[in-house]
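# Geometric and topological summary
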Amino acid sequence: MRILSGIQPSGTMHIGNFLGAVKHWVDSQSPEAYYCVVDLHALTLEIEPSVLREQTADCVASLLAAGLDPEICTLFIQSHVPYHARLSWLLECVASYGELSRMTQFKEKAERQEGYRVGLLTYPVLMAADILLYNAQQVPVGDDQRQHLELTRNIAERFNNRYGEVFTIPEAIQPNAASRVMDLQEPTRKMSKSISSPLGSVYLLDEPSEIEKKIKKAVTDTENEVRFDWETKPGISNLLEIYSSFEGSSPEAIASRYTRYGDLKSDLALLVIESLAPIAERYRELRNDPVALEAVILRGDEKAAEIAGPVYRLASAAMGLI
Ligand code: ATP
Ligand code: LTN
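Let us look at the structure shown here. (Residues numbered from 1 in each chain as written. Chains lettered and ligands numbered in written order. Predicted model: local features only at pLDDT ≥ 70, side-chain atom pairs only at ≥ 80, totals over all residues. Heavy atoms only, no water.)

Here we take up the packing of aromatic side chains. Applying the stated rule across the entire model yields 10 aromatic pairs. Judged by centre distance (5.3 Å) and plane angle (85°), the rings of Phe106 and Tyr116 are edge-to-face. Of the two residues, Phe106 sits in helix H6 (residues 104-111) while Tyr116 sits in the loop between H6 and helix H7 (118-132), which places them 10 residues apart along the sequence. You can call Phe106 buried: its relative accessible area is 10%. (Phe/Tyr/Trp six-rings, centres within 6.5 Å; stacked < 30°, edge-to-face > 60°. Helix = DSSP H or I, 4+ residues; strand = E, 2+ residues; numbered from the N terminus. Buried < 20%, exposed > 50% of the residue type's maximum accessible area, 1.4 Å probe, protein only.)

Written out as structure tokens, the structure reads:
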């Protein structure tokens, strides 16, 4: 089963990225799995070049620390494989302005800034190129990316109908629990790298004391009943879902073990601290060895280009480029 997924180096990885996507990358890694750090996507919002450089290396080290094994799967950097940007242009000439301007993520991010970049609008076309270049059948992503996956399918089908069967039609794969981890301070908004309140996100590399503080201060409600119910208790339901995803049992079963919010929060803090500690330790080792990181990336870039090159050439020839 060919798999592809991507993550932006737009900030430090949080438990939403980990539980919603990266944990599943690790579980489904195989020689048919391709994972990329999508640095071109990170340029759609303002980012300092030196910061992007650092965060790209941080992101690679975090993915390896979380359990990706470059002996098993392929880990590469999007901008190092030139076919992504090239296919994106071809697909921009297949996608319509109307469908791109209706994307929820575009509308939310564009609303937050004046004079937003054109790349913010065309972002999902580049994502479609990432996926279609590898003939991916499955794309493990969090819930927020479902709409982009649907658009990718539409673009691929339109291309195939107009120019001949070039692309595989992919499907989104989502985790059972925690496909949408919410901000701890605003549990009706997703936990996010680029838009976040200081206490709202738990990062993979947070110190234990910070993790404990953030979970203990998580916004709940004024009732005093531990119950899994997103409608009326988003704060508690978010904590239960995070718990469930780290522990493996259902949120309802976890809820039945607690009567007090304080006890639930203390146990969850311990569980998260214990689960993240080995990742943080491996991260520090890897991040201090830039030569080894570079070797992993170089090899991944080469393996990725071997797959992407022929697919790009098929697509460009089908459209009439000589
Ligand atoms: P940004 O805020 O900069 O858009 P992000 O935090 O949404 O970043 P991405 O790099 O865009 O992170 O996403 C990487 C993966 O993590 C995607 O598969 C996405 O669906 C998933 N993801 C992101 N946020 C969450 C979340 N709060 N809950 C579950 N999955 C998430
Ligand atoms: N848009 C995605 C990141 C992303 C991606 C991809 C995910 C870029 N290219 C290809 C899956 C497959 C996001 O998480 N915001």
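So that's the structure; there's more coming.
A few words on the side chain of Asp130. With respect to the helices and strands, the residue Asp130 is situated in helix H7. No salt bridge forms around the buried Asp130; measuring N to O, its nearest opposite-charge neighbour Lys193 is 13 Å away. A polar side-chain atom of Asp130 sits 2.8 Å from a polar atom in the side chain of His84. (Lys, Arg positive; Asp, Glu negative; His and termini not counted. Salt bridge = Lys/Arg side-chain N within 4 Å of Asp/Glu carboxyl O. Polar contact = N/O pair within 3.5 Å; in protein donor to acceptor, adjacent residues only side chain to side chain.)

With respect to spatial proximity, 22 residues lie near ligand 1, and among them Lys109, Asp144, Lys190, Ser192 and Lys193 are the closest. Within the backbone of Met191, a nitrogen or oxygen atom sits 2.9 Å from a nitrogen atom of ligand 1. The contact in question runs from an oxygen atom of ligand 1 to an N or O atom on the side chain of Lys193, over 2.7 Å. The protein chains hide 98% of the 600 Å² of surface that ligand 1 would expose on its own. Among the elements that take part in the shell around ligand 1, helix H1 (residues 15-27) stands out by supplying four residues, more than any other. (Near = heavy atom within 4 Å. Areas by Shrake-Rupley, 256 points an atom, 1.4 Å probe, with all protein chains shown as cover.)

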